[in-house]
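A closer look at the structure
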Protein chains: 2
Amino acid sequence: MTDQVIVTKFEPEHRQGLVVIITGDGKGKTTSAMGMALRGCGHGLKTSIVQFMKGDLYSGEWDGVKLLAPLVTLQATGKGFCGIQGNPYSHAEHRKNAQDALQLVKNILKEDSCDTLILDEINNALKLKLVDKDQVQQILDLRPPHMHLVMTGRNAHPDFIEQADTVSEVREIKHAYRKDIEPQPGIDF
Amino acid sequence: MTDQVIVTKFEPEHRQGLVVIITGDGKGKTTSAMGMALRGCGHGLKTSIVQFMKGDLYSGEWDGVKLLAPLVTLQATGKGFCGIQGNPYSHAEHRKNAQDALQLVKNILKEDSCDTLILDEINNALKLKLVDKDQVQQILDLRPPHMHLVMTGRNAHPDFIEQADTVSEVREIKHAYRKDIEPQPGIDF
């Protein structure tokens, strides 16, 4: 049915890396970042994903991205959501993990080894003092101009919103868990 | 660094399909739906994507999802954004395409051939009268209880927000195009 449609492939006159922040309390921040990784594949772009908080609870994207290898790589360096009920790790342990994650990020920046760098839940990690504001600023400063940088998580810092090119706030209008529906695979994790 | 982390794989006592709506004017609605398709792969879930508006302008997800085949299939049945400057197709042509897309959707529902059904930009298609409200209601009524239904696009109808389990509104805080930055591959398309 699309045989009469002429498909155009847009190419910007000037390619440049964008700083994108996806914040807010609604569902669809990490998910959106995963969609960017998938979309990048269609353009032959390499994406590196570093997950700052996740690591203790299986999430479908871990195996999903394996289907996108070698274009997409994911490292889940976290120990779950610091301070959330049931999470057994201390703040010091979470911070150590997040600091290790920063080192990974610095290596990626230094080696200029991807086109899109996704720092999943780094906004939370900053809010929870697992990383410092100066450290996040350093990432922005070290970013090669052609590299997209995507930062997700609630409570994005206003200074980074100021510096970003595109910022979306995902607002929760409603969420299934409020109706006591359990998290469902494929949608919630 | 994650060797001390115990990874738990959550399994809900009761699996059920969710109706998810991603609406709002910000960047990250289709992208989020693509992330759900990717995430579903990690759980072995099959996703069918029908894009109601897109079809005239190449978007990276078209080739990206091919890497997820056969778990994920995508059909871009649209002719671009109806009424947008530069789009040469009449409302009647856009409507015919959207109606054909509905037929695809009905077949998917009838054959119960996926775990997650993504109707990309169907909210816009309804707003632009390319599909009718009764027709969208019929999709919700025909949905098998185990099937996730994800509806994206601006201006989601309040009646469907009412019926949905999870609804996120993606608000634009800022967007690169307002700084006259051209759309960039991997991020914007």
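I will try to describe carefully the structure that is included in this document. Model, not experiment: these values are computed from the prediction.

1. A word on the sheet that holds strand E2 (residues 47–51) of chain A
Strand order in this open sheet of 12 strands is E3(A)-E2(A)-E4(A)-E5(A)-E1(A)-E6(A)-E6(B)-E1(B)-E5(B)-E4(B)-E2(B)-E3(B), and the pairing throughout is mixed. The strands lining the two open edges of the sheet, one partner per strand, are strand E3 (72–76) of chain A together with strand E3 (72–76) of chain B. Across the sheet, the mean angle from the axis of one strand to that of its neighbour is 15°, orientation sign disregarded. Two strands pair when backbone bridges link them, and strand E1 (residues 19–23) of chain B and strand E5 (residues 148–152) of chain B are joined in this way by 4 bridges, in the parallel orientation. For Val19 of chain B, the partnering residue across the bridge sits in E5 of chain B and is Leu149 of chain B. Strand contacts of helix H5 (residues 133–142) of chain B: E1, strand E4 (116–120) and E5 of chain B, with the helix running at about 155° to E5 of chain B, the strand carrying the most contacts.

2. Focus: the relation of the copies chain A and chain B
Relative to chain B, chain A is turned by 180° and slid 0.0 Å along the rotation axis, the superposed coordinates differing by an RMSD of 0.0 Å. Between the two chains, the operation in question is that of a two-fold axis. A symmetric contact is evident, with 100% of the interface residues of chain A recurring at the interface of chain B.

3. Quick notes on the pairing of E1 of chain B
Residue and element names in this part refer to chain B. Along E1, 5 of the 5 residues are buried, which leaves the element largely enclosed by surrounding structure. Side chains of E1 alternate between two faces, with Val19, Ile21 and Thr23 and Val20 and Ile22 buried alike. In the sheet, E1 pairs with strand E6 (residues 166–174) via 4 bridges, with the strands oriented parallel. Its bridge partner lying in E6, Val20 is registered against Thr166.

4. Considerations on the environment of Gly24 of chain B
All names here are of chain B. Locating Gly24 in the fold gives a position in the loop between E1 and helix H1 (30–42). Along the sequence, Gly24 and Asn124 sit 100 residues apart, while their C-alpha atoms lie 11 Å from each other. If sequence neighbours within four positions are ignored, Gly24 has contacts with Lys29, Gly153, Arg154, Glu169 and Val170.

5. Remarks on the nonpolar core
Side chains of nonpolar character tend, in soluble globular proteins, to be buried together. Formed by 46 residues in total, the largest nonpolar core has its most connected members in Ile49 of chain A together with Ile49 of chain B. Taken together, the elements giving at least two residues each to this core come down to strand E1 (19–23), helix H1 (30–42) and E3 of chain A together with E1, H1 and E3 of chain B. The contacts of Ile49 of chain A, once residues within four sequence positions are left out, are Met34, Ala37, Val65, Val72, Thr73, Leu74, Gln75 and Ile118 of chain A.

Rules used in this analysis
Residues numbered from 1 in each chain as written. Chains lettered and ligands numbered in written order. Predicted model: local features only at pLDDT ≥ 70, side-chain atom pairs only at ≥ 80, totals over all residues. Heavy atoms only, no water. Pairing = 2+ DSSP bridges. Helix = DSSP H or I, 4+ residues; strand = E, 2+ residues; numbered from the N terminus. Axes fitted to C-alpha atoms, helices over the stretch in contact; angles between N-to-C directions. Contact = heavy atoms within 4.5 Å. Least-squares fit on C-alpha atoms with pLDDT ≥ 70 in both. Buried < 20%, exposed > 50% of the residue type's maximum accessible area, 1.4 Å probe, protein only. Core = buried A, V, L, I, M, F, W, Y, C linked by side-chain atoms within 4.5 Å.

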